[in-house]
Amino acid sequence: MGFMDKLKDFGKKAAKGALTMASKDYGLVWEGAHKMCKLSTNSTLDKLHFIKLTDIQATYDMKEDIKTFNFTEFNVNSNSYKIRIYFNNGENSCVTLKYNKDTGSALPTPEQRIAAHVKDMADLLENMTKKVPSIDEETKKYVNTIMRFAGRKEF
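What counts and how
Every chain is numbered independently, its residues counted from 1 as its sequence is written. Since the coordinates come from a predicted model, pLDDT governs what is reported: local features require at least 70, and pairs of side-chain atoms require 80 or more to be given and counted, while whole-chain, interface and lining totals use all residues. Note that water and hydrogens are dropped before the side-chain values are worked out from all heavy atoms of the structure. Every helix listed is a DSSP run of H or I at least four residues long, and every strand listed is a run of E at least two residues long, numbered separately from the N terminus. One less than the number of residues in a helix, times 1.5 Å, gives the span that helix is expected to have. Take the seven residues that end at a residue and the seven that start at it, fit an axis to each, and the angle between those axes is the bend at that residue. In this scheme, strands are said to pair when DSSP sees at least two bridges between them. Comment: axis = line fitted to C-alpha atoms, over the contacting stretch for helices; angle = value between 0 and 180 degrees taken between N-to-C directions. We call two residues in contact when some of their heavy atoms are within 4.5 Å.

### Concerning helix 2 (residues 110-131)
Look at helix 2: 31 Å from first C-alpha to last across 22 residues, which is about the 32 Å you get at 1.5 Å a residue. The axis of helix 2 is deflected most strongly, by about 55 degrees, at Lys119.

What follows is the structure in structure tokens.
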């Protein structure tokens, strides 16, 4: 491989790393498969990406590769929300969802500020609820609470 080929390869890796780093961060896996990876999605919000530093460690199609998900912690007072995602391959990942407390702080009403804080979480949960084959009623109840916070239609 010549110098120009190495330079071109380095440029591709740098661009891929920059795109990966700029991807939306929905939370961090703290237990199970893909521990310490950032949870992200593709641009069409139908695949989950697990990213460690600048590399995508795994990608799962929400409809085909995920069995279900549920909340393991839902604490409005401390803004702590954790979900466990169960994959069809038998593995699972427990994710602490990101609550963006700094987003929307300049908005005029408390409702608008809370909606901004949970917007990304609502995006993820809305797409997972629509695409994952099944979720239980308790999980739907928690998802609907987030949808109300975000000012969105419930399931």
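### Here we look at the sheet that holds strand 6 (residues 80-87)
Pairing between sheet strands relies on hydrogen bonds along the backbone, with the strands arranged either parallel or antiparallel. Read from one edge of the open sheet, seven strands run 4-3-2-1-7-6-5, paired in antiparallel fashion. Of all strands in the sheet, those bounded by a partner on one side alone are strand 4 (55-61) and strand 5 (66-75). The mean angle between the axes of side-by-side strands here comes to 30 degrees, regardless of whether they run parallel or antiparallel. With eight bridges connecting them, strand 5 and strand 6 associate as antiparallel partners. The residue bridging Thr68 from the neighbouring strand is Tyr86, located in strand 6. The strands touched by helix 2 within the sheet are strand 2 (38-41), strand 3 (47-52), strand 5, strand 6 and strand 7 (92-97), with strand 5 carrying the most contacts at an inclination of about 145 degrees.

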